[in-house]
Amino acid sequence: MQIRSIVKEPLLHFLALGAALFLFFHFSGGGSGPASSRIVITPGQIEYFAASYAKTWQRAPSDAELKALIDDWVREEIAVREAMAGGLDRDDIVVRRRLRQKFEFVVEDIAEVAPPTDQELQTWLNAHADAFRIEPGAAFRQVYFSRERRGAEAEADARAALARLAKAGSDARIEHLGDPIMLPQEVPLARRSDIARVFGQDFAERIESIAPGSWAGPVESGYGLHLVLIRERVAAKVPELAAIRPAVERELTAERRRRQLAAMYERLLAKYTVLVEKRDDAKSASGTSTGGAR
Amino acid sequence: MKHAKSMKKASRSAALAFAVVLLASGCSDPAADDKAQPAAAAAASAASAPAAVAPVPVTQTVEQLEAAVPDNPLKEAYFGETHVHTSYSLDAFIGGARLTPDDAYKFAQGKDVTIQGQTHNIKKPLDWTAVSDHAEFIGEMYSTQVAGAKGGDNPMLEELRGLKNVDEQRAWFLKYVINNMRGANPGHPPFYAGPETTRSAWKDVQLKAVRDNYQPGKFTTLAGFEWTASNNAGNMHRNVIFRDLTVPDLPLSALDTNDEEKLWAWMTEQEKKGSKLLAIPHNSNGSKGYMFESVDNAGKPLTAEYAKLRSHFERLIEMMQIKGNSEVHRKFWPADEFAEFENGDSVATFSGRSFKKENFVRWAVTKGLDYQAKLGANPYQLGFIGGTDNHNGAPGDVVEDNYIGSHGPADGTLKDRREGEIDGWIKGKDSNPGSLSGVWASKNTRAAIWDAMAARESFVTSGTRIKVRFFAGADLPGRPADPRALVEQGYQSGVPMGGTISGAAKSPAFTVWASKDPDGANLDRIQIIKGWVNAKGEPQDKVIDVVWSGERKPAKNGKLPAVGNTVDLQKATYTNAIGSPELMGYWTDPAFDPKQHSIYYVRVLEIPTPRFTTYDAVRNKLPLLPGVAATVQERAWTSPIWYRPLF
């Protein structure tokens with residue numbers, strides 16, 4: 001736990017550890033880091049070479065083969081140190097990308113150390129309620145009038161029926177009204193997207209402005225005209241945290257990683273002076289900024 | 001100066017190394033509980049009414065959530081997708097796809113995603129989806145994309161990650177992958193880091209996304225993969241789809257075997273271990289004659305055993321996708337006035353994939369009758385299902401006026417869609433957004449959706465949300481009074497699409513009903529297509545108009561006048577002033593022969609609407625492309641109903 005809380009601040013520790021190791025190498029004059037002239041192969045490494053070999057070839061390497069593996073590694077180590085000392089890594093796009101990728105992975109992984117608490121998740125949910133909101137819903141009745149069947153009369157027919165329905169009230173019998181179609185006349189409480197699946201998106205949107213309890217319309221859908229009675233309406237709502245905890249945690253963790261990365265760059269940027277030089281042909285101004293280039 | 005610089009480097013890399021060690025020493029995430037899922041939405045779906053609002057959410061197991069979704073005995077049409085590739089398909093990754101399987105399921109549910117730098121939304125979410133990444137290289141893609149994965153530092157993958165330019169990517173792909181796949185002994189590319197990477201991709205990426213995104217009653221995810229055999233560049237691909245999460249440790253890839261008979265043997269093994277799975281062939285139009293051969297892979301004539309095994313697993317075929325419509329081609333069906341639809345002619349100009357009548361679905365399902373008669377078993381008893389083959393990780397991205405291409409940079413820009421080509425397959429202007437699957441299921445759960453597919457109670461649309469019912473039976477009580485009676489009588493006294501009628505003294509009755517896309521165009525007509533074979537075993541067919549909009553009268557030769565066309569090509573708009581929102585029909589076959597094996601399937605046509613190329617042209621103030629249809633009649637096809645004589 002102690003270590004975890006310290007590790008929460010990655011940048012500080014990169015810098016502190018970097019400084020400590022720098023001092024150590026500087027004064028010990030040795031070690032086996034990239035700048036040293038010693039190359040040390042530990043028994044652990046040798047074991048690793050042998051194990052990788054065995055994995056590929058299904059047998060342990062002979063002494064000669066093991067020696068060849070060590071020799072090869074020594075060559076690789078020399079090549080890497082010399083190449084880096086000569087700055088060969090600097091202009092290589094693949095090396096640079098890989099270093100950046102590794103660097104960002106490490107920072108992201110450290111950000112993950114502590115799982116968010118319930119309190120943090122609740123705060124996140126409150127702040128991002130829209131992303132988790134359950135859609136509004138409605139229960140309604142509808143009577144359909146076909147434009148194809150009734151042509152120009154469809155609208156007038158619908159209005160005439162509306163006048164009768166207004167008198168008959170919300171429980172009026174509607175089975176024999178309007179035109180036959182596969183659409184249900186009674187729709188139990190349904191989410192907006194499910195209403196849209198059956199009646200179309202425009203219709204689902206239009207009935208949201210109808211006041212519950214009385215017949216209204218005609219409302220246009222892709223099929224034709226409808227008289228509509230809203231029986232019940234349920235407002236959009238945000239579910240309890242317990243019901244959607246894994247989803248909230250996923251989102252929060254992802255966001256934390258992004259922020260951690262951004263914050264780290266922000267602070268590292270402060271160490272640097274970034275100079276964007278003016279292009280010869282550029283007319284617009286550019287200049288010096290300290291920690292300000294974005 | 002030099003000294004200071006290198007020492008600074010030393011300290012940085014040491015710090016990184018330390019951080020890595022700390023991580024390794026025991027800071028792990030709590031493992032997620034596989035079984036528990038939020039009850040985000042258990043929904044009711046009574047008799048084609050929209051689903052009811054979820055009860056109070058509590059944490060329940062998947063099984064409890066599934067059981068809580070009510071059954072609708074009259075079934076509902078659920079729209080979905082069986083064929084989509086994400087960044088875990090190597091060719092898609094090369095094309096710039098960065099949406100993962102999880103992102104693909106999110107897109108299907110209506111979340112915004114970024115494709116080739118553009119924000120994109122499906123607009124109308126799907127009800128279900130099966131992501132079907134190419135099984136061959138998911139391990140390689142795991143190494144490429146997952147931080148710290150084994151093999152991720154392979155120089156070839158480093159090279160791949162560094163490629164920005166499309167031509168370089170194509171060259172890389174051709175060098176390491178394509179040439180390898182089309183050889184006689186395809187193998188993993190040299191950067192493969194071993195089967196554990198494949199296992200990680202399958203379990204930690206593919207199956208995890210399937211698990212995480214399943215919301216019984218609201219959105220169904222099905223586990224699947226594509227087995228991608230292309231012997232001599234002939235397309236033998238199959239999408240394998242599982243009923244539940246009883247799945248093998250690893251998918252089967254064309255590197256394990258490129259012989260479809262061995263694929264079925266593997267599927268038999270999986271069944272013995274408790275999996276339920278089916279295979280969907282696709283793009284038979286580009287199969288170079290291999291998809292429906294008269295001999296097996298040893299060169300022997302097909303046997304009853306072969307036919308039974310094949311039709312046990314291959315219950316459906318993908319009717320249409322980005323690389324063309326495989327129902328029919330106008331060249332081979334000149335008598336079918338609607339055969340000219342997304343024929344994808346340029347498919348025939350690549351890799352020697354010349355078109356043959358024997359590669360088309362209508363030919364195959366009709367030819368199957370000949371085998372049924374002669375062998376007592378039908379290798380091609382195929383229901384119809386849809387899919388896109390989208391390589392952007394965007395399942396069901398099929399709407400013409402919302403189309404941004406399907407294959408990354410190959411058709412991601414206006415210029416490429418008008419002038420380019422989708423690598424080695426088809427010209428951009430000749431491709432189309434692909435088709436959608438519809439299944440009639442009692443509820444939106446994995447089991448119900450998969451069972452509907454296995455029963456072939458499925459239909460396909462060319463992208464719109466047409467719903468279509470089709471029943472047949474000798475005992476149907478005559479012309480139904482209304483659509484509800486049609487459905488009730490259909491289930492009670494007949495068989496639905498995908499079913500078989502055995503023996504009848506006179507023609508069975510056929511009932512059809514179709515409803516328009518509630519956000520789309522009206523319907524022109526419903527047709528029944530009848531197929532049979534002649535004495536020589538050659539497929540024959542006839543297209544019958546059963547019911548149509550308006551007051552049109554067929555001419556003396558039986559031809560129904562066209563519905564008309566309201567499309568304004570200057571504005572890329574249409575109106576629903578013509579056509580019907582809903583059509584219902586009843587038909588008996590005057591040429592019915594009780595002794596003749598026959599099939600019947602339904603085709604529903606919409607009124608003409610603008611094609612994606614027309615939307616592209618109008619929005620960008622460019623001329624329409626010569627030789628490319630400016631309008632299309634979107635359509636739906638049902639699975640056939642088979643008639644089998646009793647003797």
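Residues numbered from 1 in each chain as written. Chains lettered and ligands numbered in written order. Predicted model: local features only at pLDDT ≥ 70, side-chain atom pairs only at ≥ 80, totals over all residues.

1. So, the overall build of chain A
Right, so step 1: When helices and strands are tallied, chain A shows 12 helices and 6 strands.
Right, so step 2: Residue burial in chain A is summarised as follows: out of 294 residues, 20% are buried.
Right, so step 3: Long-range contacts, defined here as pairs at least 24 residues apart, represent 64% of the contacts in chain A between residues at least 6 apart. (Helix = DSSP H or I, 4+ residues; strand = E, 2+ residues; numbered from the N terminus. Buried ≥ 20, exposed ≤ 12 C-beta atoms within 10 Å, placed from the backbone. Contact = placed C-beta atoms within 7 Å.)

2. What to know about the overall build of chain B
Right, so step 1: Within chain B, the secondary structure is distributed over 15 helices and 30 strands.
Right, so step 2: Evaluated residue by residue, chain B yields a buried proportion of 55% over its 647 residues.

3. Quick notes on the sheet that holds strand 22 (residues 509–515) of chain B
Residue and element names in this part refer to chain B.
Right, so step 1: In spatial order, the strands read 20-19-22-25; together these 4 strands make up an open sheet with antiparallel pairing. Only two strands of the sheet have a single neighbouring strand rather than two, namely strand 20 (495–496) and strand 25 (582–588).
Right, so step 2: As paired strands, strand 22 and strand 25 are joined by 7 bridges and run antiparallel to one another. Among the inter-strand pairings, Ala514 is bridged to a residue of strand 25, identified as Leu583.
Right, so step 3: Lying over the sheet, helix 14 (residues 483–493) contacts strand 19 (467–473), strand 20, strand 22 and strand 25, oriented at roughly 45 degrees with respect to strand 19. (Pairing = 2+ DSSP bridges. Axes fitted to C-alpha atoms, helices over the stretch in contact; angles between N-to-C directions.)

4. Thoughts on helix 9 (residues 260–272) of chain B
Think of an α-helix as turning once every 3.6 residues; residues three or four places apart then point the same way.
Residues and elements named next belong to chain B.
Right, so step 1: For helix 9, spanning 13 residues, the distance from its first C-alpha to its last is 19 Å, which sits close to the expected 18 Å at 1.5 Å a residue.
Right, so step 2: Buried within helix 9 are the following residues: Glu260, Leu263 and Met267. Down the axis of helix 9, the buried side of the element spans an arc of 40 degrees, and every buried residue falls inside it. Exposed positions of helix 9 whose direction lies more than 90 degrees from the buried face are Thr268, Glu269 and Lys272.
Right, so step 3: Next to the buried residues of helix 9 lie strand 8 (224–227), strand 9 (238–242), strand 10 (277–281) and helix 10 (304–313).
Right, so step 4: Among the residues trailing helix 9, Gly274 stands out with phi positive, at a value near 105 degrees. (Expected span 1.5 Å × (residues − 1). Arc of directions from axis to C-beta.)

5. Some details on the packing of helix 4 (residues 101–108) of chain B against helix 8 (residues 195–212) of chain B
Residue and element names in this part refer to chain B.
Right, so step 1: At a closest axis distance of 8 Å, the pairing of helix 4 and helix 8 adopts a crossing angle of 30 degrees. Classified by the angle between their axes, helix 4 and helix 8 sit roughly parallel to one another. Viewed along their axes, helix 4 and helix 8 form a crossing whose handedness is right-handed. Across the interface between the two elements, Pro101, Asp102 and Tyr105 of helix 4 pack against Val205, Gln206, Ala209 and Asp212 of helix 8. (Parallel < 35°, antiparallel > 145°, perpendicular 65-115°, else oblique. Left-handed = near helix turned anticlockwise from the far one by under 90°.)

6. A short note on the domain arrangement of chain A
Right, so step 1: On domain assignment, one finds that chain A holds domain 1 (2–113), domain 2 (115–133 + 238–294) and domain 3 (134–234).
Right, so step 2: A straight line from the C-alpha centre of domain 2 of chain A to that of domain 3 of chain A covers 46 Å. (Domains from an automatic or database assignment.)

7. A closer look at the nonpolar core
Residue and element names in this part refer to chain B.
Right, so step 1: One finds Ile241, Leu278, Ile449, Met453, Ala514, Val602 and Val604 to be the most contacted residues of the largest nonpolar core, which totals 153 residues.
Right, so step 2: Filtering out sequence-adjacent residues up to four positions away, Met453 remains in contact with Leu278, Arg315, Leu316, Ile385, Val439 and Ser458.
Right, so step 3: Listed in part, the 7 residues of the second largest apolar core include Val347, Phe355, Ile422 and Trp425. (Core = buried A, V, L, I, M, F, W, Y, C linked by C-beta atoms within 7 Å.)

8. A closer look at the domain arrangement of chain B
Residue and element names in this part refer to chain B.
Right, so step 1: Per the domain assignment, the segments of chain B are domain 1 (76–136 + 195–461) and domain 2 (467–644).
Right, so step 2: Averaged C-alpha coordinates put domain 1 and domain 2 at centres separated by 23 Å.
Right, so step 3: On the domain 2 side, the residues contacting the 36 residues of domain 1 number 36 residues.
Right, so step 4: Listed by contribution, the elements that provide at least two residues to the side of domain 1 that touches domain 2 are helix 11 (361–375), strand 14 (383–385), helix 12 (414–419), strand 17 (436–441) and strand 18 (458–461).
Right, so step 5: The leading source of residues in the side of domain 1 that touches domain 2 is helix 11, at 9 residues.
Right, so step 6: Here the side of domain 1 that touches domain 2 is built from residues that sort into 16 nonpolar, 7 polar and 13 charged. (Nonpolar A, V, L, I, M, F, W, Y, C, P; charged D, E, K, R; others polar.)

9. Details of the sheet that holds strand 2 (residues 186–191) of chain A
Residue and element names in this part refer to chain A.
Right, so step 1: The 4 strands lie next to each other as 2-1-4-3, forming an open sheet whose pairing is antiparallel. Looking at strand neighbours, the two that pair on one side only are strand 2 and strand 3 (215–220), the edges of this open sheet. Sheet twist, expressed as the mean angle between neighbouring strand axes with direction ignored, is 35 degrees.
Right, so step 2: In this structure, strand 1 (residues 137–145) lies alongside strand 4 (residues 225–234), joined through 9 bridges in antiparallel fashion. If you follow Tyr144 over to strand 4, its bridge partner there is His226.
Right, so step 3: On top of the sheet, helix 10 (residues 192–199) reaches strand 1 and strand 2; it is set at about 130 degrees to strand 2, its chief contact.

10. Some details on the confidence of the model for chain B
Residue and element names in this part refer to chain B.
Right, so step 1: In the predicted model, chain B carries a mean pLDDT of 87, and the fraction of residues at 70 or more is 89%.
Right, so step 2: Counting interchain partners and residues more than four positions distant, the pLDDT-below-50 stretch residues 1–49 has 103 contacts.
Right, so step 3: Ignoring residues within four places in sequence, the model shows residues 51–58, a span with pLDDT below 50, making 30 contacts including any to other chains.
Right, so step 4: With a pTM of 0.77, the predicted complex shows an ipTM of 0.74. (pLDDT = per-residue confidence, 0-100.)

11. Side note on the environment of Ser346 of chain B
Residues and elements named next belong to chain B.
Right, so step 1: Mapped onto the fold, Ser346 is located in the loop between strand 13 (324–325) and helix 11.
Right, so step 2: For the pair Ser346 and Ser431, spaced 85 residues apart in sequence, the C-alpha separation works out to 8.8 Å.
Right, so step 3: Discounting chain neighbours no more than four positions away, the residues touching Ser346 are Ile426, Lys427 and Asp430.

12. Quick word on the pairing of strand 17 of chain B
Taken residue by residue, a regular strand's side chains alternate between the two faces of the sheet.
All names here are of chain B.
Right, so step 1: Burial analysis of strand 17 places 6 of its 6 residues in the buried class, which makes it a mostly covered element.
Right, so step 2: Going residue by residue along strand 17, you find Leu436, Gly438 and Trp440 tucked away on one face and Ser437, Val439 and Ala441 tucked away on the opposite face as well.
Right, so step 3: Sheet analysis places strand 3 (residues 76–81) next to strand 17, joined by 5 bridges and oriented antiparallel. Note on strand 17: the bridge partner recorded for Gly80 is Ser437.

13. Quick notes on unusual backbone geometry
Right, so step 1: Backbone torsion omega between Gly217 of chain A and Pro218 of chain A reads -5 degrees, so that peptide bond is classified as cis.
Right, so step 2: Structurally, Pro218 of chain A can be placed in strand 3.
Right, so step 3: At Ala572 of chain B, a position not held by glycine, the phi torsion is positive, near 55 degrees.
Right, so step 4: By the secondary structure assignment, Ala572 of chain B is in the loop between strand 24 (539–548) and strand 25.
Right, so step 5: If you check the backbone angles, Lys621 of chain B has positive phi at about 55 degrees while not being a glycine.
Right, so step 6: Looking at the element boundaries, Lys621 of chain B is found in the loop between helix 15 (612–619) and strand 28 (631–632).

14. So, the environment of Ile529 of chain B
Residue and element names in this part refer to chain B.
Right, so step 1: The topology assignment puts Ile529 in strand 23 (residues 523–533).
Right, so step 2: Owing to 22 C-beta atoms within 10 Å, Ile529 belongs among the buried residues under this scheme.
Right, so step 3: When the C-alpha atoms of Ile529 and Pro623 are compared, they prove to be 37 Å apart, with 94 residues separating the residues in sequence.
Right, so step 4: Discounting residues that sit within four places of it in the chain, Ile529 has contacts with Asp541, Val543, Tyr601 and Arg603.

15. Digging into the packing of helix 3 (residues 43–57) of chain A against helix 4 (residues 63–85) of chain A
Residue and element names in this part refer to chain A.
Right, so step 1: Interhelical geometry of helix 3 versus helix 4 gives an angle of 115 degrees and a closest axis separation of 10 Å. The element helix 3 and its partner helix 4 pack so that their crossing is right-handed. Two secondary-structure elements touch here, helix 3 through Ile46, Phe49, Ala50 and Tyr53 and helix 4 through Glu65, Leu66, Leu69, Ile70 and Trp73.
Right, so step 2: Residue classes in the contact of helix 3 with helix 4 are distributed as 8 nonpolar, no polar and 1 charged.

16. Observations concerning the pairing of strand 18 of chain B
All names here are of chain B.
Right, so step 1: Neither face of strand 18 is left uncovered, since the one carrying Ser458 and Val460 and the one carrying Phe459 and Thr461 both have all their residues buried.
Right, so step 2: Judged from the 4 bridges that link them, strand 17 and strand 18 form a sheet pairing that is antiparallel. Paired with Gly438 across the bridge in strand 18 is Phe459.
Right, so step 3: Pairing of strand 18 with strand 29 (residues 635–638), which is carried by 3 bridges, proceeds in the antiparallel orientation.

17. A short note on the environment of Ala156 of chain A
Right, so step 1: By the secondary structure assignment, Ala156 of chain A is in helix 9 (residues 154–168).
Right, so step 2: Spatially, the C-alpha atoms of Ala156 of chain A and Glu232 of chain A are 27 Å apart, while their sequence positions differ by 76 residues.

18. Thoughts on the confidence of the model for chain A
Residue and element names in this part refer to chain A.
Right, so step 1: For chain A, the average pLDDT comes to 81, and 81% of its residues sit at 70 or higher.
Right, so step 2: pLDDT under 50 marks residues 1–7. Its contacts with residues more than four places away, or in other chains, come to 7 contacts.
Right, so step 3: Per-residue pLDDT stays below 50 along residues 282–294; that stretch engages in 10 contacts with residues further than four places along the chain or on separate chains.

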